[in-house]
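Tertiary structure, described
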Amino acid sequence: LQDTWTALDTGPPQRFKHAAAMTDQGMVVIGGKDEEVLGDVWLWDGLAWTELQTQDGPGPVTRHGLAWGDGVLWLHGGIDGEGERLDGLWSLDLESLEWSQHPSGPEPRASHTTVWVDGRLVVWGGHPTDTAVWIWDGQAWSDTDAPGPEARDAHVTALDDTGQVWVMGGDLFGAHFVNDLWVLDVDAMRWQAQ
């Protein structure tokens with residue numbers, strides 16, 4: 001392991017509040033914003049960036065959740081070009097470059113947790129009052145309101161190799177920022193403060 005950063009090939013135009021996920025083809029970056037909200041899709045395959053010309057799809061989006069699972073890229077929620085929070089769920093097939101729309105999920109949200117765990121999409125946070133853990137099983141949405149962290153957005157999320165979801169910090173919707181650490185056992189649907 002080297003303790004240095006390496007600058008790679010220049011990629012997509014500058015942006016912030018975008019989402020990225022690792023797939024079996026490389027890292028995919030979708031949307032974000034610069035002067036306006038973007039809807040482009042980019043792939044870093046380890047050698048170069050390529051803009052993917054997808055069909056249809058969610059359109060320009062920022063602060064959305066993105067996860068790779070079941071052979072497709074899942075995009076949930078976010079904020080559109082008009083500043084409206086979204087509740088839509090989309091999947092992108094990287095072979096055909098076609099988007100599919102699925103039943104809308106929990107209330108509109110942004111800057112939230114979106115991870116793929118054991119064949120399920122797990123969504124949490126990004127809404128000022130909803131603290132439920134939402135699960136998309138490929139057919140329908142369900143929720144569990146297990147006691148856990150306060151409602152927040154703009155937190156960071158990491159999935160460990162045991163399938164536990166780690167959440168750190170965030171914004172309590174203008175109340176203040178926090179630096180707490182929580183772990184969610186998805187199988188038991190139980191939060192634990194660390």
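Residues numbered from 1 in each chain as written. Predicted model: local features only at pLDDT ≥ 70, side-chain atom pairs only at ≥ 80, totals over all residues. Heavy atoms only, no water.

1. With respect to the nonpolar core
- In terms of nonpolar packing, the biggest core is built from 16 residues, with Val28, Ile30, Val41, Leu66, Leu73, Leu75 and Trp99 touching the most fellow members.
- Going through the elements one at a time, strand S1 (19-22), strand S2 (27-33), strand S3 (37-44), strand S6 (72-76) and strand S7 (89-93) are the ones with two or more residues in this core.
- Among the nonpolar cores identified, the runner-up in size contains 14 residues, and Val115, Val117, Val122 and Val186 belong to it. (Core = buried A, V, L, I, M, F, W, Y, C linked by side-chain atoms within 4.5 Å. Buried < 20%, exposed > 50% of the residue type's maximum accessible area, 1.4 Å probe, protein only. Helix = DSSP H or I, 4+ residues; strand = E, 2+ residues; numbered from the N terminus.)

2. Details of the pairing of strand S9 (residues 113-117)
- Summarising burial for S9: five of the five residues are buried, a large majority.
- Going residue by residue along S9, you find Thr113, Val115 and Val117 tucked away on one face and Thr114 and Trp116 tucked away on the opposite face as well.
- Relative to strand S10 (residues 120-124), S9 is paired through five bridges, and the arrangement is antiparallel. Residue valine 117 lies in a different strand from S10, and its bridge partner there is arginine 120.
- The loop that links S9 with its antiparallel partner S10 comprises two residues; one of these, aspartate 118, has a positive phi angle of about 45°. (Pairing = 2+ DSSP bridges.)

3. With respect to the pattern of salt bridges
- With the rule as written, the count across this model stands at six salt bridges.
- Residue arginine 63 is joined to aspartate 153 by a salt bridge in which the shortest nitrogen-to-oxygen separation is 2.9 Å. A residue pair is termed long-range when its members are at least 10 positions apart, and arginine 63 in the loop between strand S4 (49-52) and strand S5 (65-69) and aspartate 153 in the loop between strand S12 (141-144) and strand S13 (156-159) qualify at 90 residues. The pair arginine 63 / aspartate 153 is uniform in exposure class, with both members buried.
- In this structure, arginine 152 and aspartate 180 form a salt bridge, with 2.7 Å as the shortest nitrogen-oxygen distance. Placement of the pair is arginine 152 in the loop between S12 and S13 and aspartate 180 in strand S15 (residues 177-185), with a sequence separation of 28 residues.
- Among the residues examined, aspartate 180 registers a relative accessible area of 23% and is labelled partly exposed. (Salt bridge = Lys/Arg side-chain N within 4 Å of Asp/Glu carboxyl O.)

4. Examining the side chain of arginine 63
- For arginine 63, a relative accessible area of 19% translates into the label buried.
- Polar side-chain contacts of arginine 63 include one of 2.7 Å to the side chain of serine 111.
- Within polar-contact distance, the side chain of arginine 63 engages the side chain of aspartate 153 at 2.9 Å.
- Excluding residues that lie within four positions of it along the chain, arginine 63 makes contacts with Lys17, Gly78, Ile79, Arg85, Ala110, Ser111, His112 and Asp153. (Polar contact = N/O pair within 3.5 Å; in protein donor to acceptor, adjacent residues only side chain to side chain. Contact = heavy atoms within 4.5 Å.)

5. Describing the packing of aromatic side chains
- In this structure the tally under the stated criterion is six aromatic pairs.
- When the centroid spacing of 6.3 Å and the interplanar angle of 90° are considered together, the rings of tryptophan 90 and tryptophan 99 count as edge-to-face. Each member of the pair, tryptophan 90 as well as tryptophan 99, is classed as buried.
- Within the aromatic cluster, the residues linked to one another by ring pairs are Trp124, Trp182 and Trp191. (Phe/Tyr/Trp six-rings, centres within 6.5 Å; stacked < 30°, edge-to-face > 60°.)

6. Quick look at the sheet that holds strand S16 (residues 190-193)
- An order of S13-S14-S15-S16 is seen for the four strands of this open sheet, with the pairing classed as antiparallel. The open sheet has two edge strands, S13 and S16, and neither has a second partner. Neighbour-to-neighbour, the strand axes of this sheet turn through a mean angle of 25°, independent of strand direction.
- Here S15 runs beside S16; their pairing, made up of four bridges, is antiparallel. Across the sheet, valine 183 pairs through a bridge with glutamine 192, a residue of S16. (Axes fitted to C-alpha atoms, helices over the stretch in contact; angles between N-to-C directions.)

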